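# Fold and contact review
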Amino acid sequence: MDTKIKTIGVLTSGGDAPGMNAAIRGVVRAAISNGMQVKGIYQGYKGLLNEEFEDLDARSMSDTISKGGTILYTARCKEFHELEVQKQAAEICRKHGIQGLVVIGGDGSFAGARALSKQGIHVVGVPGTIDLDIACSDYTIGFDTAVNTAMEAIDKVRDTSTSHERCSIIEVMGRNAGYLALWCGIANGAEDIILPETYDYDEQKLIDHIIDNRRRGKKLHIIINAEGIGHSASMARRIEAATGVETRATILGHMQRGGSPTCRDRVAGTMMGAYAVELLAKGTYNRVVAYKHGDYVDYDIEEALNMQKELPEFMVRVSKAMSV
């Protein structure tokens, strides 16, 4: 019996990330090169359950690599945690002849893919998240664009904060991971960086640092606050009351998800999407694509989801040294 995969599906799930379209394009064109047909699935797992499919070809991928967001759209699907719903989704895949499924997203998306794998669907995960929090991979699609977007916005806030001699608390995204905050803090020369992984909730240290800097003649103070800590507005009010220094909070929000992807995200998306298809073409599945030590590799999906990721200790140490 011919076990070669002839039809695959591709979906994007969870939060969108710049470079997802490059990954979709990588999947579609690599699949065509391998003699496969591709069905695009709209709205992630929600669209899979609603059978929102479209046949994709090389032409449908034209002029998509430079676009932000995801042309397949994305949505949350809480009901996908239920076993009966997972069985239903697997049956829908079989009904439409989908023998392999490429899932582009983060840990939550991969958990859904793992659930489908247990129902007999061949899956491959591609890490697409601005949070850089996929433990098995040194890089995730979307991070470079998001961190550069945030960096440029923080530079602008710094300009106006300098003019008014303010303290500015700038909140960046990242959920419970501090990578965006850490990178922006170093790149923007922040005086303080608040990270979910290391913050001890001793606000007095921030206050003392601001006061000490004022005594030394420093008029500007930039604090990068991670989304996982949050509450930037109330923090600003407390700091202003304690220091007498005018303090403003700026939440950059979802602007960090948008915009045309950088070269790195276009290339990483293309390579990871194509790599996922190569795995399926050779009969390797239930894997997660990763970028590790300069190479594109893959891990068993169970192993990948069980891995833990920590902030690089050296980067954290250097970020503190730079704030002196």
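None of the values given here were measured: they were computed from a predicted structure. Along each chain, the written sequence defines residue order, and numbers are assigned to residues from 1. Per-residue local features of the predicted model are confined to residues with pLDDT of at least 70, and side-chain atom pairs are confined, for both listing and counting, to 80 or more; whole-chain, interface and lining totals are unaffected and use all residues. Where side-chain values are given, they derive from all heavy atoms of the structure, hydrogens and water being excluded.

Here the focus is the overall build of the chain. Secondary structure summary: the chain contains eleven helices and eleven strands in total. For this measure, only C-alpha atoms enter the radius of gyration; the expected value for a globule follows 2.2 Å times N^0.38, where N is the number of residues. Its C-alpha atoms give the chain a radius of gyration of 22 Å, within 12% of the compact-globule value 20 Å for 324 residues. In the chain, buried positions account for 52% of the 324 residues. Between two residues, a contact is recorded if the distance between any of their heavy atoms is within 4.5 Å. Taking contacts inside the chain between residues at least 6 apart in sequence as the whole, the part at least 24 apart equals 76%. Carbon and sulfur atoms make up 49% of the accessible area of the chain, which totals about 14500 Å². All tallies of charge rest on Lys and Arg as positive and Asp and Glu as negative; His and the ends of each chain are not included. Each charge is placed at NZ for Lys, CZ for Arg, CG for Asp and CD for Glu. Taking the 37 positively charged and 42 negatively charged side chains of the chain as two groups, their mean positions are separated by 2 Å. Counting from the N terminus, the helices are the DSSP runs of H or I reaching at least four residues and the strands are the DSSP runs of E reaching at least two. Using a 1.4 Å probe on the protein chains alone, a residue whose accessible area is under 20% of its type maximum counts as buried, one over 50% counts as exposed, and one in between counts as partly exposed. Surface accessibility in these figures is a Shrake-Rupley result with a 1.4 Å probe; residues are shielded only by whichever protein chains are displayed.

What follows deals with the packing of aromatic side chains. Only Phe, Tyr and Trp rings take part, Trp by its six-membered ring, and two of them pair if their centres are within 6.5 Å. Stacked means planes under 30 degrees apart, edge-to-face means over 60, and tilted covers everything else. Taken as a whole and judged by the stated rule, the model has six aromatic pairs. Both rings, one in Tyr45 and one in Phe80, keep their centres 4.3 Å apart while their planes meet at 25 degrees; by these two values the pair is stacked. One end of the pair, Tyr45, is in helix α2 (residues 44-49); the other, Phe80, is in the loop between β3 (53-56) and α3 (83-95), with 35 residues separating them in the sequence. By relative accessible area, which is 5% here, Phe80 ends up buried. Here the aromatic cluster, defined as three or more aromatic residues joined through ring pairs, consists of Tyr139, Phe143 and Trp183. Our definition puts a charge over a ring when NZ of Lys or CZ of Arg is within 6 Å of the ring centre and also within 35 degrees of the ring normal. Here the guanidinium or amino end of Arg264 rests over the ring plane of Tyr139, the centre of that ring lying 3.9 Å away. The residue whose ring lies beneath Lys309 is Tyr179, and the NZ or CZ to ring-centre distance is 5.1 Å.

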